[in-house]
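Report on the structure
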Amino acid sequence: MAYPPHLRELVERCETLRRRLAVGHSAETARRLEDATHTLCLLTGTRRLDTALCVARQQTAGAMRRKQPDQH
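The structure contained in this document is the topic of the report that follows.

Rules used throughout
Residues numbered from 1 in each chain as written. Predicted model: local features only at pLDDT ≥ 70, side-chain atom pairs only at ≥ 80, totals over all residues. Heavy atoms only, no water. Core = buried A, V, L, I, M, F, W, Y, C linked by side-chain atoms within 4.5 Å. Buried < 20%, exposed > 50% of the residue type's maximum accessible area, 1.4 Å probe, protein only. Helix = DSSP H or I, 4+ residues; strand = E, 2+ residues; numbered from the N terminus. Polar contact = N/O pair within 3.5 Å; in protein donor to acceptor, adjacent residues only side chain to side chain. Contact = heavy atoms within 4.5 Å. Salt bridge = Lys/Arg side-chain N within 4 Å of Asp/Glu carboxyl O.

1. Comments concerning the nonpolar core
Generally speaking, a soluble globular protein has its nonpolar side chains buried in company with each other. Among the nonpolar cores identified, the biggest contains 14 residues, and Cys14, Leu40, Leu49 and Leu53 are the most heavily contacted of them. Counting only elements with at least two residues in this core, the list comes to helix H1 (4-23), helix H2 (27-44) and helix H3 (49-67). Ranked by residue count, the leading element in this core is H1, at five residues.

In structure tokens form, the structure reads like this:
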């Protein structure tokens, strides 16, 4: 599994870049999103951005749960 803070940063970057592209197309933004998507897909073992985002969120949530002390 990838380093959770790195996954969170990539998820945030991809979401931000997607929002920017939805507002107005920019070749630079599209290239940056493609690069971030490629990295996120590699780290999550997926091929599509939506799937990679889902897997990354699950992995970071799982890492957060493992860090939480038992609440007995």
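Structure's up, so let's keep going.
2. Focus: the side chain of Thr60
One can find Thr60 in helix H3. At 3.1 Å, the side chain of Thr60 and the backbone oxygen of Arg57 are in polar contact. Each residue touching Thr60, except ones within four places of it in the same chain, is listed here: Pro4, Leu7 and Arg8.

3. So, the pattern of salt bridges
Once their charged atoms are close, side chains differing in charge can pair, the charge on each being opposite to the other. Applying the stated rule across the entire model yields five salt bridges. Two residues, Arg57 and Glu15, come together in a salt bridge whose shortest N-O distance is 2.0 Å. Of this pair, Arg57 sits in helix H3 while Glu15 is found in helix H1, placing the two residues 42 residues apart along the sequence. Taking the relative accessible area as the measure of exposure, Glu15 reaches 24% and is therefore partly exposed. For Asp35, the salt bridge identified is with Arg31, shortest N-O distance 2.7 Å. Separated by four residues within a single helix, Asp35 and Arg31 lie in helix H2, roughly one turn from each other. On the accessibility criterion, Arg31 (41% relative accessible area) is partly exposed. Connected via shared salt-bridge partners are Glu28, Arg31 and Asp35.

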